[in-house]
Structures are given as structure tokens and as C-alpha cells.
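Here are the chains, one letter per residue:
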Amino acid sequence: MLAVAGWAEVLVLAIPYRAIDDALKVLGGAVDGKVLVDVTNVLTPDYRLALGCTTSGAEELQKKAPKAKVVKAFNTVFAQNMSTAG
């Protein structure tokens, strides 16, 4: 993963949301200045929202990788969460 991240222009983060911190530790500064496409869904293992409704996974990822250019893609919000906000 780290070898590819070193020369890639765009990185796609397609991992479970709970693995983001570990992945960023491995990648280190390799994400700096690069487009980091976040396709994670901010869900717990039992498919509940992990962050609530005051922030997004992409916003939290951007805080953790401030020198990357975070782009969110393919996000899923289940219909039952749209009507209950949680």
C-alpha cells in the first residue's frame, strides 16, 4: 500500500470506516498534497451511524489528513436514517 501511495496521484480509501486511523498511520505523509477519495461509509459494525449528524466522515478524515485533498464518493445513507436523523 505504501509503495503505491508514494507515486500515485489519486488514492482511493476503500476500507471499513473503523480502519481509517490504522491506514493513515501506514500511509503517513504519502497522502500529503494528493487527492484522497473517501468511499467509506461511516457505519458501526451493526450498521448504525458512527458519527451522528453534526459532521461527516469526509470532514473527520480531512482533519486527520490535513495536507490531503479529501473528496467523498459513493456514500450511502439508508432510507430509515433519512427519516429519523440517526
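None of these values were measured; they are calculated from a predicted model.

Calculation notes
Residue indices begin from 1 for each chain and proceed along its sequence in written order. Selection of residues for local features in this predicted model requires a pLDDT of at least 70, selection of side-chain atom pairs for listing and counting requires 80 or more, and totals for whole chains, interfaces and linings are taken over all residues. The basis for the side-chain values is all heavy atoms of the structure; hydrogens and waters are excluded. For two strands to be treated as a pair, DSSP must find at least two bridges joining them. For the purposes of this entry, the term helix denotes a DSSP run of H or I that reaches at least four residues, the term strand denotes a run of E that reaches at least two, and both are numbered from the N terminus. A fitted line through C-alpha atoms represents every axis, and for helices the fit uses only the stretch in contact; the resulting angles, taken between N-to-C directions, go from 0 to 180 degrees. Two residues qualify as a contact provided that any one of their heavy atoms is within 4.5 Å of a heavy atom in the partner residue. For salt bridges, the criterion is a side-chain nitrogen of Lys or Arg within 4 Å of an Asp or Glu carboxyl oxygen. Partly exposed residues are those whose accessible area sits between 20% and 50% of the maximum for their type, while under 20% is buried and over 50% is exposed, using a 1.4 Å probe and protein chains only. To be clear, the arc concerns the directions from the helix axis to the C-beta atoms. Classification remark: right-handed applies to a crossover when, strands pointing away from the viewer, the course from the first strand over the helix to the second runs clockwise.

1. Regarding the sheet that holds strand S2 (residues 35-38)
Phase 1 of the analysis: Read from one edge of the open sheet, three strands run S1-S2-S3, paired in parallel fashion. Each of the sheet's edge strands pairs with one partner strand only, and the pair in question is strand S1 (10-13) and strand S3 (69-72). If you compare each strand with its neighbour and ignore which way they point, the axes differ by 25° on average.
Phase 2 of the analysis: Relative to S2, S1 runs parallel, the two being bridged by four bridges. Each bridged residue has a counterpart across the sheet, and for Leu11 the counterpart in S2 is Leu36.
Phase 3 of the analysis: Strands S1, S2 and S3 of the sheet are contacted by helix H3 (residues 57-64), whose axis makes an angle of about 165° with S3.

2. Let's talk about the pattern of salt bridges
Phase 1 of the analysis: In total, this model carries four salt bridges according to the counting rule given.
Phase 2 of the analysis: When the shortest N-O distance is used, the salt bridge between Lys64 and Asp21 registers 2.8 Å. Of this pair, Lys64 sits in helix H3 while Asp21 sits in helix H2 (residues 20-27); the two residues are 43 residues apart in sequence, bridging distant segments of the chain.
Phase 3 of the analysis: Judged by its relative accessible area of 42%, Lys64 is partly exposed.
Phase 4 of the analysis: A salt bridge links Asp38 to Lys72; the nearest nitrogen and oxygen atoms lie 3.4 Å apart. Here Lys72 lies in strand S3 and Asp38 lies in strand S2, a separation of 34 residues in the sequence.

3. Digging into H2
Phase 1 of the analysis: For H2, the full list of buried residues reads Ile20, Ala23, Leu24 and Leu27. The arc enclosing the buried residues of H2, seen along the axis, measures out at 100°, which places them on a common side.

4. Focus on the environment of Ile20
Phase 1 of the analysis: Looking at where Ile20 falls in the secondary structure, it is placed in helix H2.
Phase 2 of the analysis: On the basis of relative accessible area, Ile20 is assigned to the buried category, the value being 4%.
Phase 3 of the analysis: Spatially, the C-alpha atoms of Ile20 and Asp38 are 9.8 Å apart, while their sequence positions differ by 18 residues.
Phase 4 of the analysis: Those residues in contact with Ile20, other than ones at most four positions away along the chain, are Leu13, Ile15, Thr40, Leu61 and Lys64.

5. A word on the pairing of S3
Phase 1 of the analysis: In this structure, S2 lies alongside S3, joined through four bridges in parallel fashion. By the bridge assignment, Val37 is partnered in S3 with Val71.
Phase 2 of the analysis: Between the parallel elements S2 and S3, the chain passes through H3 in a crossover that is right-handed.

6. Here we look at the environment of Ala65
Phase 1 of the analysis: Mapped onto the elements, Ala65 comes out in the loop between H3 and S3.
Phase 2 of the analysis: Given a relative accessible area of 5%, Ala65 falls into the buried group.

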